[in-house]
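Here is what each chain is made of, one letter per residue.
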Amino acid sequence: MKFSSQTLRTFTTLHTWVGLVAGFGLFVAFYAGALTLFHHDLPLWQTPGAATALPADLDDAQHLLEDVLAAHAEARRHVGMTFPGTDHPQPLAYWQTDDGSWRYAWPGHTAGSPTPPQTGLAELVNELHYSLGLPVAGVYVMGIVSLLYGMALLSGLVIHLPKLLGDLFALRPGRNLKQQWQDAHNVIGVLSLPFHLMFAVTGALLCLAFVQMALLNPLIFDGKLLQAVPTAMDTAPVREASGVPAPPGSLQVLHARALEVARAQGVANFEPAYLKLANGGDAKATIEITGESTGTLGPLGAVALDVTTGDVLATQLPGQRDANHATLSAAYALHFGEFGNGVVVWLYFLMGLGGAFLFYSGNLLWIESRRKRRQPEQSRAAVNMARATVGVCIGLCVAISLAFVVALVLEHAAPAAVDPGIRWACFSSWAACALWAFLRRPAQAARELLWAAAAATALVPVLHGALNGDWLWRAAAAGHWPLFWIDAVALAMAFGFARLALASQRRARNGDPNSVWAD
């Protein structure tokens, strides 16, 4: 297939500028997104002694639910709770207050905390992934970035389609560094194209869901969208409280009943993960038990029961879901890799890091393509883009690693200050890195921040072993693989940052002197 030169120039321009506009946000989303693959393991890694603590059972969950319903009237309207399991060894209850804020409770702490226990690090990484850490508007910004991302992918495909087979595996090492970066950028982009298209579509779908609903409301729902949302998003029907008091129900019985219903519908490996209880303590209470099952693209399914009688009110199980629930479940599972086995998790992790490299290398190629080869003074635009790329991208790597380090220290020194502490550490160090990159020459800032990233990331497993006693070899010997893999990945990434710092140093000293990356 051939395109005219004018068509290729148009798509090249579109690809370049859309990539530059969205590239910084996408680097943050992909780098943090790769780390969200450890989302369920980070609370266990962060909390001293959590790996060896005895897990709770359904009786502990029952006591927690009863205490929360007795102490908090808002929770009786609607409360959620995790079941004790591999991902959440201790049950956690959560509900909204009258002012819209969330409260959390767990065994021994039923007064209602504004933050959940030992999940701040995982939530911070996830927040960077889906909203860049920006309050309120961040999720919509990422939705727009996802749309631009899709445009960059399609325009890049048009550019490389005519010579796809010839250049697909072309890696040409040598003195032409620009060609090496171009080849690596093209190979990673083409080979991971299906993944990137999926991330772009599901990212826009998840981030702009409320915008889509607002646009469809007058066209499809005749202004009655709010009444349709519970049916579209939840499984349990909305029922008014009767005003007749009743026991909150036995979680042992309801848990067993959900398993029975799932198996009757052909889902033999259904494992309840969390519940949503409406009208708790009322005769018209309903419970929606959501669980996971293997062997399906959308592993989450739900069973809604009448708490008093145990009658089935509704189900949305794999193979039995309506189109809306099946689409939402598949979109979530595809975006976060919540399907398949451990191979899928590691594949998504590599795709996340590869995506971050893709956007970083795109900026470097833009800078290199505008280099003035016959004069030492480079354009202000190229210098500023180099500083921004170093400060934002490498600065983020430093900031996230420092957040991990601070979390470990504060868990011992000031546990109550962990959540605000890691946020201050992350965002203040990120801003400091950006300022440092602005004040230094790009070549200096690049190698200095890469060494900072290597040092901060290497501190993660060292401090984890020194403070918690969970050294790599001990974690492996005890079978605590979540702890082992987080520390092992940190060591590997520290080594990678150090290698990049050395390469940057060699480039600055021995490369073409007429460049923003030269000393």
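For the structure itself, look to the data block above.
Every chain is numbered independently, its residues counted from 1 as its sequence is written. Side-chain atom pairs in this predicted model are given and counted only at pLDDT of 80 or more, local residue features only at pLDDT of at least 70, and totals for whole chains, interfaces and linings cover all residues. Hydrogen atoms and water are omitted, and side-chain values are computed over all heavy atoms in the structure.

Participant: Even after reading the chapter, I still don't get the overall build of the protein chain, so can you show me in this structure?
Facilitator: Each helix is a run of H or I in the DSSP string that is no shorter than four residues. Each strand is a run of E no shorter than two, and both are numbered from the N terminus. Scanning the protein chain for helices and strands turns up 19 helices and eight strands. Only protein chains enter the area calculation, which uses a 1.4 Å probe; residues under 20% of their type maximum are buried, those over 50% are exposed, and those in between are partly exposed. Looking at the protein chain residue by residue over its 519 residues, the buried ones come to 47%. About 25100 Å² of surface is accessible on the protein chain, with carbon and sulfur atoms providing 65% of the total. Using the Shrake-Rupley algorithm and a 1.4 Å probe, accessible areas are obtained, with residue cover drawn only from the displayed protein chains.

Participant: Help me understand the nonpolar core, please; the structure alone is not making it clear to me.
Facilitator: When a protein is soluble and globular, its nonpolar side chains tend to lie buried together. In this structure, Tyr31 and Trp45 are the most contacted members of the largest nonpolar core, which totals 85 residues. In terms of residues, this core owes the most to one element, helix α15 (residues 380-413), which gives 18 residues. With sequence-adjacent residues up to four places away left out, Trp45 is seen in contact with Leu121, Phe404, Leu408, Val460, His464, Asn468, Leu483, Ile486 and Asp487. The term nonpolar core refers to a set of buried residues drawn from Ala, Val, Leu, Ile, Met, Phe, Trp, Tyr and Cys, joined through side-chain atoms within 4.5 Å. Judged by nonpolar contacts, the second largest core, of 30 residues, contains Leu64, Ala258, Val267 and Leu275. Note on contacts: a residue pair qualifies if any of its non-hydrogen atoms lie within 4.5 Å across the two residues.

Participant: Is there a simple way to think about the packing of aromatic side chains in this case?
Facilitator: Remark: the centre distance and the inter-plane angle together describe each pair of aromatic rings, the angle taken between the planes. Put simply, two rings from Phe, Tyr or Trp (the six-membered ring, in Trp's case) pair if the centres are within 6.5 Å, and we call them stacked under 30 degrees between planes, edge-to-face over 60, tilted for the rest. This structure, assessed with the given rule, holds 18 aromatic pairs. Between the aromatic rings of Phe195 and Tyr348, the centroid separation amounts to 6.0 Å while the plane-to-plane angle is 85°, which identifies the pairing as edge-to-face. Of this pair, Phe195 sits in helix α9 (residues 193-207) while Tyr348 sits in helix α14 (residues 342-369), placing them 153 residues apart in sequence. Ring geometry for Tyr332 and Phe336: centres 4.8 Å apart, planes at 40°, overall tilted. Taken together, the positions of Tyr332 and Phe336, both in helix α13 (residues 323-336) and four residues apart, correspond to about one turn of that helix. Ring pairs connect the aromatic residues Phe30, Tyr149, Phe195, Phe199, Tyr348 and Phe359, which therefore count as one cluster.

Participant: Before we go on, may I ask you to explain the sheet that holds strand β5 (residues 271-278) in this structure?
Facilitator: Two modes of strand pairing occur in sheets, parallel and antiparallel, and in both the strands are linked by backbone hydrogen bonds. Any two strands are treated as partners once DSSP identifies two or more bridges connecting them. With respect to topology, eight strands assemble into an open sheet ordered β4-β3-β2-β1-β5-β6-β7-β8, the strand pairing being antiparallel. Sheet topology places β4 (109-113) and β8 (312-316) at the edges, where each strand pairs with a single neighbour. Ignoring which end each strand starts from, the neighbouring axes of this sheet average 20° apart. When β5 meets strand β6 (residues 286-292), the two strands line up antiparallel, connected through seven bridges. Paired with Pro272 across the two strands is Gly291, which belongs to β6. Note on geometry: axes are C-alpha line fits, over the in-contact stretch for helices, and angles between N-to-C directions span 0 to 180 degrees.

Participant: Mind showing me how you'd approach the packing of α14 against helix α19 (residues 481-510) here?
Facilitator: Two numbers describe how α14 lies on α19: the axes approach to 14 Å, and their chain directions differ by 30°. Judged by the angle between their axes, α14 and α19 are roughly parallel. Seen along the crossing, α14 lies across α19 with a hand that is right-handed. Counted together, Trp346, Phe349 and Leu353 of α14 and Trp485, Val489 and Met493 of α19 form the full contact between these two elements. Each residue gets one label: Ala, Val, Leu, Ile, Met, Phe, Trp, Tyr, Cys and Pro are nonpolar, Asp, Glu, Lys and Arg are charged, and the others, such as Gly, are polar. Among the residues forming the contact of α14 with α19, the class breakdown is six nonpolar, no polar and no charged. We call two directions roughly parallel when the angle between them is under 35 degrees, roughly antiparallel when it is over 145, roughly perpendicular when it lies between 65 and 115, and oblique otherwise. Each crossing gets its hand from how the near helix is turned against the far one by less than a right angle, where anticlockwise is left-handed and clockwise is right-handed.

Participant: Explain α9 to me, please; I cannot follow it from the model alone.
Facilitator: What sets the pattern is the α-helix's 3.6 residues per turn: residues three or four places apart point alike. Helix span, expected: 1.5 Å multiplied by one less than the number of residues in the helix. The terminal C-alpha atoms of α9 lie 21 Å apart, and with 15 residues this matches the ideal 21 Å at 1.5 Å per residue to within 8%. Taken together, the buried positions of α9 are Leu193, His196, Met198, Phe199, Ala200, Thr202, Gly203, Ala204 and Cys207.

Participant: Explain the state of the cysteines to me, please; I cannot follow it from the model alone.
Facilitator: Any pair of cysteine sulfurs within 2.5 Å is marked as a disulfide. Inspection of every chain in the model, using the stated rule, returns zero disulfides. You can see Cys393 has no disulfide; the closest cysteine sulfur is in Cys397, sitting 7.6 Å from it. A relative accessible area of 2% places Cys393 in the buried class.

Participant: In this structure, what is going on with the side chain of Asn126? I would like to understand it.
Facilitator: If you trace the backbone, Asn126 turns up in helix α5 (residues 120-131). Non-local contacts of Asn126, meaning those with residues more than four positions away in its chain, are made with Thr36, His39 and Phe336.

Participant: How should the environment of Gln212 be read in this particular structure?
Facilitator: By secondary structure assignment, the location of Gln212 is in helix α10 (residues 209-220). Given a relative accessible area of 31%, Gln212 falls into the partly exposed group. Not counting chain neighbours up to four residues away, the residues in contact with Gln212 comprise Ala204 and Leu205.

Participant: Any chance you could explain a nonpolar patch on the surface here in plain terms?
Facilitator: There is a patch of nonpolar side chains on the surface, built from Tyr140, Phe210, Val211 and Leu215 and spanning about 400 Å² of accessible area. Of the residues forming the nonpolar patch, the biggest block, three residues, is contributed by α10. Turning to its location among the elements, Tyr140 is positioned in helix α6 (residues 138-160). Patch definition: residues with relative accessible area over 30% and no salt bridge; like charges joined within 9 Å; nonpolar side chains (Val, Leu, Ile, Met, Phe, Trp, Tyr) joined within 5 Å. Every case where a carboxyl oxygen of Asp or Glu lies within 4 Å of a side-chain nitrogen of Lys or Arg is listed as a salt bridge.

Participant: What is the right way to look at the side chain of His129 in this model?
Facilitator: If you trace the backbone, His129 turns up in helix α5. Beyond its immediate stretch of four places on either side in the chain, His129 contacts Ala29, Ala32, Gly33, Thr36, Met142, His335 and Phe336.

Participant: In this structure, what is going on with unusual backbone geometry? I would like to understand it.
Facilitator: Generally, phi is negative for residues other than glycine and the peptide bonds are trans, each holding for most cases. A positive phi angle, near 60°, is found at Leu132, a position not held by glycine. Classification of Leu132 as buried rests on a relative accessible area of 15%. If you check the backbone angles, Asn279 has positive phi at about 60° while not being a glycine. Overall, Asn279 belongs to the buried group, its relative accessible area being 13%.

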